Amino acid sequence: MDNVIMNNLDYPILSWTVLLPVFGSLLLLFMQNARAVRWTALIFTLLTFAISLPLLTQFDKGTHLMQFVEKHEWIPSWGINYIIGIDGISILFVFLTTILSILCVLVSWNSINTRVREFHIAILAMEAAMVGVFVSLDFFLFYLFWEAMLIPMFLLIGVWGGANKLYASIKFFLYTLVGSVLMLVGIVVLYFAGGKTLDILTLSTLSLPMGLQFWLFLAFFAAFAVKVPMFPVHTWLPDAHTEAPTAGSVILAGVLIKMGAYGFLRFSMPMLPDATRLFIPVLMVLSVVAIIYGALVCFAQKDFKRLIAYSSVSHMGFVTLGLFAMNTQGVEGGILQMINHGIITGAMFLMIGMIYERTHTRVISEYGGFAKIVPWYAGLFCILTFASVGLPGTNGFVGEFLIIFGAFKAKQIIGVLSALGIILGAGYMLRLYQDIFFQDAAPDFEKKGKHPVWDLDMREVLTLAPLLLLVFWIGFYPNTFLSYMHASVEHLISRVNYTAYAGQENLIAKYIMEIF
Amino acid sequence: MNTEVGISLRDAIPFIPELVIICTGLIAMMLDLVVRKKGPVAAFVVFGTLVAGYAMCKLNGFNEPQSAFLNMFILDGYAGFFKLIFFINLILTVCISYRYMIIEKSSYGEYYSLLTFATAGMMVMASATDLITLYLGLELMALSTYILAGLMRNDRRSNEAALKYFFLGAFSSAFLLYGISLTYGMTGTTNLNEISATIQNLNIAGNPILFLGLIFIMTAFAFKIALAPFHMWAPDVYEGAPTSVTAFMSVGPKAAGFAVLGRVLFEAFGSMQVQWTNILIPLALLTMAVGSIVALSQTNIKRMLAYSSVAHASYMLLGVIAGTPAGLVSTINYLLIYTFMNIGAFAIVILLRSEGFQGQDLDDYRGLAKSNPLAAALMLVFMFSLTGIPPTAGFIGKFYVFMELINADKTYLAVIAVAFSAISAFFYLRVVMYMYMKDSDEPRTISCSPSMNVALAVTALMVIVLGIYPEPVLNYVKTVVFG
């Protein structure tokens, strides 16, 4: 393998990052005591994070090649190998996953009291599968992690979820499954088209016939678009996010929905560059629809958590818009915004979970005057609100700015419309903030009310601190993170823009006519 | 071999595994008269099966096919692998049924003998290279399973199941005989290889009467495999029969049906592939639709698993439809995986049956995760495996079949199949949902036994191991079948 950089550390760092949570969950099988279970889960998530840190420091930012690559024979009968590695696109997601997993354990410390052991097994299994998705360099391995993740997520929503959990969990499972199985057929077709291999790097250098690319793009689109989720297949998201327990919402919003966009970056774009260019207009329009539609729906929400869930639809619209702008600013903005959204929305779900533990309601109109009742909470939530709106100095600004810049470069009218989404975003977020924290204090929750509502404690502040730190870090000095992706993004864009059919749009039109 | 001499004692050599199994059945029957408890009988059957398995491996039929009885019988890799599946099926069934049959008050020694006789019939089917031997094996298997289905003499549903199975089975046997006689009429032989040669020599691949014969033969096989529209018996029989017998029947006769289907279609009617593919495709699609959609509305878990096994038969059939040896390999691989996951699922159903409690309703699974976390976790594994979610073996089975199907340029079938498998996910998920997400006030007692624990451990382990590292088995199936 000459086109990758093999892992030159003394130990298989990526395998450890995937396997440690698995070992942790196996260990938990034999534990009974809830306290011991929590500590073990925390230790394993911390260990996983610690072991993934050298990735950030040892990463060579100057190349687009895959790094820390490990390769072993796995299923030689099918020509399938166990290959894992990361490049500038995936490294930040691994980091995001390992950090959010720790916070998920922390935030569930007091709120999860039933079947504690099973809960933490599910969280650790999720972590392993999520890291696995981002580091897989074999399509089969990727699919394994991609699907395996459904099982713990289904249980997280269905067992520890809210009132409507059964409906939400089944809906989540079936939506994603239908998309995934269509991709599976695409994978097998690609397997034969690519000469009986599922090696991602090999497949990314193919020039497939246009007709085949067209159908494969649709098959992959089915899986990735549901996961993102793009308009109009987004309807599972509000239910799943709202009904999931806090940790589940954080994982869903923080990492899981990023996998769809990651799938576009890792598979659709480099493997099917011509079909990607063909579909870009459609995808950009869908993205803008998602941005504006998602934002408008937010105005109508009465449920705190559901509002944030719908705002994800809008924000993920920005992400896909950036990716499909297909220029440096757009793609880098899209990737950065994925990280940002994971941080901001992840933190918001954490905070919603914290306040829900105290008030046991998520209905916005039952809140009010909380700035007086829980001042620290209000202050921290204020920061997140501004980050979500995209105020300069926060990470949201950097991401959205880059995306809109990229969108303007690609197509002006799209840029204008997406900017409209930012204004709407400011509208619903500020109104939410006003309804919850200002106005008259809600009678139920004043000091003498039936539920005592206390301010954040040390554990909760510690849970939020890393995310808030990242909000400002990316806000003031995004280059720390952008520098990781430059080389990989440039390589990707050149791959999509210069291939066999580049500049032959008439030819492509002819192919399309042939298909129908 | 000198055909004048006819059959010599040497012909018995490849037949040794069958002989061992039949003797095991006979001795078990005698043993039953001597010992009061059925434990030794069951143990003896397991022992006999292991001996038969050992004998089969010693005969080395995998590498050098050995035919006998004037080319009516063959021990080759193809037959050998199917026999392996039958042995696994028999041992696992005995393991899960010992305690259960006592609870059902039907713990007769004949039960174990009949299981072995049915297995012997399946083995003959897998090895048959002549339509007559095939029929012989099929009837031995069928007659044994009719009795097994009605073993709970005092249970009306069990009686109904046996009767229904018998009548419909008799019909299917009649179809088979009619098909055989038509084929014989056109080709003048019942030997599979000679049929194939005659069809080519006389150039009668397009002959309508021969085609009719093929259709009748396939109809009979479709009955055994429970392909729609010949699946009607399956839900009633599966529901009425003792659960352990249901587990046995959902794997054994199905696998045997595929064994003969594969051999007859590929060896005898290879030159009529276009015709039989055109019959099998609508059959597979219909089976898929019926199995997946009707299962959605079932509340009895045995009925649901019955429809699920109907749906699974259609996925296995896809490998045959691919029409290549590799496609057949994928079907066999699927059958092996299906054996483990399906018997595992039935084992859990049996686990819930205790004195005075049927445990067959979906409602009985409420809150199982709380009262019996381990049983629930195992059922979860089996359900996701039946759905085909990685990293369980069910996914590997489906993936292989789809792979060979797409390799044979039948991508549209694969698309339809995955769509139905997504639909079928719902009813498997529902079981998980009842176990994990609904609560129950009633305490659950489960009827554990050491042999049951072994069976559950083996099935669960295989489902997970084959899901994560399938290479050894894939490689083995491939080399065994291709020789």
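The model shown is predicted, which means the values in this text are computed figures rather than measured ones.

Q: Mind laying out the overall build of chain A, listing which residues take part and the relevant values?
A: Within chain A, the secondary structure is distributed over 22 helices and 3 strands. Relative to the globule expectation of 24 Å for 516 residues, the C-alpha radius of gyration of chain A, 22 Å, shows essentially globular dimensions. Its C-alpha atoms give chain A principal-axis dimensions of roughly 75 × 55 × 40 Å. Evaluated residue by residue, chain A yields a buried proportion of 67% over its 516 residues. Within chain A, contacts between residues at least 6 apart in sequence are counted, and of these 81% link residues at least 24 apart.

Q: Explain the overall build of chain B to me, using residue names and the numbers behind them.
A: Within chain B one finds 19 helices and 2 strands. Computed over C-alpha atoms, the radius of gyration of chain B comes to 21 Å, within 12% of the 23 Å expected from 2.2 N^0.38 for 483 residues, which places it in the range of a compact globule. By its C-alpha atoms, chain B is 70 × 55 × 40 Å across when sized along the principal axes. Here chain B, with 483 residues, has 65% of them falling under the buried criterion.

Q: Report on the confidence of the model for chain B, specifying residues and quantitative values.
A: Interpreting fine coordinate detail is not advised for predicted regions of low pLDDT. Put simply, chain B has an average pLDDT of 89, and 98% of its residues get 70 or more. For this predicted complex, the interface confidence score (ipTM) comes to 0.91, while the overall pTM stands at 0.92.

Q: Explain the interface of chain A and chain B residue by residue, including any values.
A: Residue-level contacts link 36 residues of chain A with 38 residues of chain B. In this assembly, chain A packs against chain B so that about 3400 Å² is buried in total across both faces, 82% of it on carbon and sulfur atoms. In this structure, the connection of chain A to chain B is made through 1 salt bridge. In this structure, the salt-bridge partner of B:Asp439 is A:Arg115, at a minimum N-O distance of 3.8 Å. The interface formed by chain A and chain B holds 4 residue pairs in polar contact (both at pLDDT 80 or more) in total. When contributions to the side of chain A that touches chain B are tallied by element, the ones reaching two or more residues are β2 (66-75), α4 (116-135), α5 (139-148), α6 (150-160) and α7 (165-193) of chain A. Top contributing element to the side of chain A that touches chain B by residue count: α7(A), with 16 residues. When its residues are assigned to classes, the side of chain A that touches chain B shows 27 nonpolar, 3 polar and 6 charged.

Q: I'd like a description of helix α1 (residues 13-28) of chain A, backed by residues and values.
A: For an α-helix, 3.6 residues make a turn, and residues three or four places apart therefore share a direction. All names here are of chain A. Counted at 1.5 Å a residue, the expected span for α1 with its 16 residues is 22 Å, and the 23 Å between its end C-alpha atoms agrees. Of all the bends found along α1, the most pronounced is centred on Leu 19 and spans about 30°, while Pro 21, a proline, follows it within four residues. Considered for burial, the residues of α1 that qualify are Ile 13, Leu 14, Ser 15, Thr 17, Val 18, Leu 20, Pro 21, Gly 24, Ser 25 and Leu 28.

Q: Account for the state of the cysteines, with residues named and values stated.
A: Residues and elements named next belong to chain A. The full count for this structure, using the stated rule, is 0 disulfides over all chains. As a non-bridged cysteine, Cys 298 has Cys 382 as the owner of its nearest cysteine sulfur, 18 Å distant. Looking at Cys 298, the relative accessible area reads 0%, which means it is buried.

Q: Explain the nonpolar core to me, and be specific about the residues and the numbers.
A: Membership of the largest hydrophobic core comes to 383 residues, with the highest contact counts inside it found for A:Trp78, A:Phe139, A:Phe140 and B:Phe269. In this structure, A:Trp78 is in contact with A:Phe140, A:Tyr191, A:Lys196, B:Ile396, B:Phe399, B:Tyr400, B:Met403 and B:Leu474, ignoring residues within four places of it in sequence. With 9 residues, the next largest nonpolar core counts A:Leu28, A:Val37, A:Ile51 and A:Val116 among its residues.

Criteria and thresholds
Residues numbered from 1 in each chain as written. Chains lettered and ligands numbered in written order. Predicted model: local features only at pLDDT ≥ 70, side-chain atom pairs only at ≥ 80, totals over all residues. Heavy atoms only, no water. Helix = DSSP H or I, 4+ residues; strand = E, 2+ residues; numbered from the N terminus. Rg over C-alpha atoms; globule rule 2.2 N^0.38 Å. Buried < 20%, exposed > 50% of the residue type's maximum accessible area, 1.4 Å probe, protein only. Contact = heavy atoms within 4.5 Å. pLDDT = per-residue confidence, 0-100. Buried area = accessible area lost by both parts, 1.4 Å probe. Salt bridge = Lys/Arg side-chain N within 4 Å of Asp/Glu carboxyl O. Polar contact = N/O pair within 3.5 Å; in protein donor to acceptor, adjacent residues only side chain to side chain. Nonpolar A, V, L, I, M, F, W, Y, C, P; charged D, E, K, R; others polar. Expected span 1.5 Å × (residues − 1). Bend = angle between axes of the 7 residues up to and from the residue. Disulfide = S-S within 2.5 Å. Core = buried A, V, L, I, M, F, W, Y, C linked by side-chain atoms within 4.5 Å.

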